[in-house]
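The chain contents come next:
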Amino acid sequence: MISIDPEQNEERDNYKLLIGSIIPRPITFVTTQSEAGVVNGAPFSYFNIVSSNPPMVSISIQRPTGELKDTARNIYGNGEFVVHIVDRDNVGKINETAASLPPSESEVDMAGLTKVPSAKVSVPGIKESKIRMECRLVESVPFGGDGPGSDLFIGKIVQFHVDEAIYENGRIDPRGLDAVSRLAGSSYAAIGEIFSLERPK
């Protein structure tokens, strides 16, 4: 067993250890809107559930150069965003949105994704996702000071949108959703074998 002190590592070394170890990671595609009205979109794999009462999710947005990404800047700006589950059908177009564009250009438009209005937030979602969740910012925590770091956002879900083809009796069909997850580098994983274990009482 190799023992590694993260304090003796560069930030990128710790990053590689984390993304190679904590797998698979769910991926969200996040839409936000700038003050100028530009709808930005980007995928993130530092994403998960925080709470079901109230329903909340977390997204951590990295600052590898110390500069805020458009998504983080927009969430700080208006406190609203939409998270989408990335699946086998939309992952190709979502991957295109990871390109570095200036804040004045929309990754959503560039990738040919279809904007749809939200019910309770001002930020639109995209039609190509089987599940999307409209969120309002509850808490934000910056990490890392002025250098490489991240911004953690916790959002309260104020509206769910679910494709009726994968929804029955309040449950989501995992095969129908066909969500993909992030590994390391350029590798992704699809839903594979599904098995069950009874939880002890």
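Every chain is numbered on its own, with residues counted from 1 as its sequence reads. Local features in this predicted model are restricted to residues of pLDDT 70 or higher, and side-chain atom pairs are both shown and tallied only at a pLDDT of 80 or more, whereas totals for entire chains, interfaces and linings draw on every residue. To get the side-chain values, all heavy atoms of the structure are used, and hydrogens and water are removed first.

Caption draft 1: Local environment of the packing of aromatic side chains. Put simply, two rings from Phe, Tyr or Trp (the six-membered ring, in Trp's case) pair if the centres are within 6.5 Å, and we call them stacked under 30 degrees between planes, edge-to-face over 60, tilted for the rest. Throughout the structure, instances matching the rule amount to one aromatic pair. Between the aromatic rings of Tyr76 and Phe153, the centroid separation amounts to 4.9 Å while the plane-to-plane angle is 65°, which identifies the pairing as edge-to-face. One end of the pair, Tyr76, is in helix H2 (residues 70-78); the other, Phe153, is in strand E10 (residues 149-162), and 77 residues separate them in sequence. Residue Tyr76 is classed as partly exposed on the basis of its relative accessible area, which comes to 34%. Only protein chains enter the accessibility calculation, which uses a 1.4 Å probe; a residue whose area is less than 20% of its type maximum is buried, one above 50% is exposed, and one in between is partly exposed. Judged by its relative accessible area of 0%, Phe153 falls in the buried class. Each helix corresponds to a stretch of at least 4 residues labelled H or I by DSSP, and each strand to a stretch of at least 2 residues labelled E; elements are numbered beginning at the N terminus.

Caption draft 2: Highlighting the pattern of salt bridges. What makes a salt bridge here is a side-chain nitrogen of Lys or Arg within 4 Å of a carboxyl oxygen of Asp or Glu, nothing more. In total, this model carries eight salt bridges according to the counting rule given. Notably, a salt bridge pairs Arg63 with Asp151, separated by 2.6 Å at the nearest N-O pair. A residue pair is termed long-range when its members are at least 10 positions apart, and Arg63 in strand E5 (residues 55-63) and Asp151 in strand E10 qualify at 88 residues. Using a relative accessible area of 6% as the deciding quantity, one classes Arg63 as buried. The class for Asp151 is buried, based on a relative accessible area of 2%. Between Lys130 and Asp89 there is a salt bridge, with its nearest N and O atoms 3.0 Å apart. Linking Lys130 in the loop between strand E8 (125-126) and strand E9 (131-143) with Asp89 in the loop between strand E6 (80-85) and helix H3 (91-96), this pair joins segments that are 41 residues apart in sequence. Taking relative accessible area as the criterion, Asp89 reaches 64% and is therefore assigned exposed. If you follow the salt bridges from partner to partner, you end up with Asp87, Asp89 and Lys130 in one network.

Caption draft 3: Fine view of the environment of Asp70. For Asp70, the location among the structural elements is in helix H2. The class of Asp70 is buried, set by a relative accessible area of 13%. Separated by 34 residues in sequence, Asp70 and Ser104 place their C-alpha atoms 9.7 Å apart. When near neighbours in sequence (up to four residues on either side) are disregarded, Asp70 contacts Thr32, Asn40, Leu101, Pro102, Pro103 and Glu107. The contact criterion used throughout is that any non-hydrogen atoms of two residues lie within 4.5 Å.

Caption draft 4: Focus on the environment of Gly66. Within the secondary structure, Gly66 sits in the loop between E5 and H2. Spatially, the C-alpha atom of Gly66 lies 28 Å from that of Met133, the residues being 67 residues apart in sequence. In this view, Gly66 contacts Asp146, Gly147 and Pro148; residues no more than four positions away in its chain are not counted.

Caption draft 5: Spotlight on a nonpolar patch on the surface. Residues Phe160, Val162, Tyr167 and Ile172 make up a contiguous nonpolar surface patch of roughly 360 Å² in combined accessible area. Locating Ile172 in the fold gives a position in strand E12 (residues 171-172). Classification of Ile172 by relative accessible area gives partly exposed; the value is 36%. Residues enter patches when they are more than 30% accessible in relative terms and free of salt bridges; like-charged ones are connected within 9 Å and nonpolar ones (Val, Leu, Ile, Met, Phe, Trp, Tyr) within 5 Å. Here the open area of atoms and residues is found with the Shrake-Rupley method and a 1.4 Å probe, where only the protein chains shown may cover a residue.

Note that every value here comes from positions in space, so none of it alone points to a role or purpose.
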